[in-house]
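Chain by chain, the residues run as shown.
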Amino acid sequence: MSGIKKIGVVGCGTMGAGIAEVAARAGLDVLVVVSRPASEARGRALITASLDRALRKEKITGAERDAALAGIAFTTDLGDLADRQLVVEATTEDEDAKFGVFRALDAAVGEADAILASTTSSIPIARLAKAVARPGRVIGVHFFNPVPALPLVELIPSLLTDDDVYDRTERFVTDVLGKQPVRCGDRAGFVVNALLIPYLLAAIRMVETGFSTAEQVDRAMTLGCAHPMGPLALADLIGLDTVAAIAEAMYQEFREPLYSPPHLLQRMVDAGLLGRKAGRGFHTYLP
């Protein structure tokens with residue numbers, strides 16, 4: 001076993017809430033850092049709603065639901081993470097913002113062998129590791145949405161990540177959280193998004209050029225390729241702002257046209273049409 005019992009999560013949006021939930025369901029002591037009290041209320045509501053769904057589907061018992069909620073505490077002070085053995089950064093997909101979080105975590109997390117992880121979906125880990133005095137303890141741990149349901153975790157060591165940090169993180173993800181990890185090279189997009197994002201962008205370009213509609217593209221891929229969800233519905237689920245941020249990070253690294261965010265995607269993000277979380281993206285969603 002990894003020996004990790006106390007974890008911190010920075011951020012409690014969709015990903016942060018999911019990570020906090022799976023850690024609490026594994027019996028861990030979870031401390032979530034949020035920017036303000038209102039974020040705590042939203043994060044707690046996300047976690048509670050997810051646990052309630054699991055209870056209705058008989059995946060957990062009422063006692064397990066209550067124990068998970070009791071295992072999660074909130075704070076607005078990064079300094080409260082001093083005793084954590086593993087901290088996962090789950091803030092917005094913005095390199096400068098994440099760099100600032102890691103710089104603060106380096107000062108706040110006092111445990112000598114504590115692991116500092118990011119669940120970034122596209123930013124190379126070596127860039128984030130430059131924010132800390134001991135870059136060997138930084139690693140990428142990329143979960144997938146919805147975290148409680150999807151088994152995959154991409155583990156991304158940088159060239160500076162200590163072998164022991166990778167080994168302990170892999171054991172933690174596998175033995176404690178019950179996830180299935182794959183090791184990825186430290187390049188923008190890692191494995192899944194390096195394959196997925198060009199597919200999503202190609203679908204967006206079909207709509208942008210008038211070649212097809214969002215409904216027809218999604219229908220074609222679900223019925224013709226047996227995909228459980230069409231590419232534009234999937235982009236809406238991920239969040240169009242997140243898709244754009246991942247695409248931009250990959251384009252900045254590789255300068256390949258297939259990674260360049262289409263103008264339609266950028267304008268939709270500018271307009272706040274972010275997908276499911278906004279009620280409207282390529283499709284419209286009821287509240």
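Being a predicted model, the structure only gives us computed values, none of them experimental.

The rules we used
- Residues numbered from 1 in each chain as written.
- Predicted model: local features only at pLDDT ≥ 70, side-chain atom pairs only at ≥ 80, totals over all residues.
- Heavy atoms only, no water.
- Helix = DSSP H or I, 4+ residues; strand = E, 2+ residues; numbered from the N terminus.
- Salt bridge = Lys/Arg side-chain N within 4 Å of Asp/Glu carboxyl O.
- Buried < 20%, exposed > 50% of the residue type's maximum accessible area, 1.4 Å probe, protein only.

Caption draft 1: Region of the structure containing unusual backbone geometry. Cis geometry is adopted by the peptide bond preceding P146, which originates at N145 and carries an omega value of 0°. Non-glycine residue E58 carries a positive phi angle of around 60°. With respect to the helices and strands, E58 occurs in the loop between α2 (37–56) and α3 (62–70). Notably, F190 is not glycine yet its phi reads approximately 55°, a positive angle. Summarising the element assignment, F190 is placed in the loop between β8 (180–183) and α7 (192–208).

Caption draft 2: Summary view of the pattern of salt bridges. Counted by the stated rule, this structure contains 16 salt bridges. In this structure, E40 engages R44 in a salt bridge whose closest nitrogen and oxygen atoms are separated by 3.1 Å. One end of the pair is E40 and the other is R44, both in helix α2 and four residues apart, which spans about a single turn. Taking the relative accessible area as the measure of exposure, E40 reaches 25% and is therefore partly exposed. Between R137 and D106 there is a salt bridge, with its nearest N and O atoms 3.1 Å apart.

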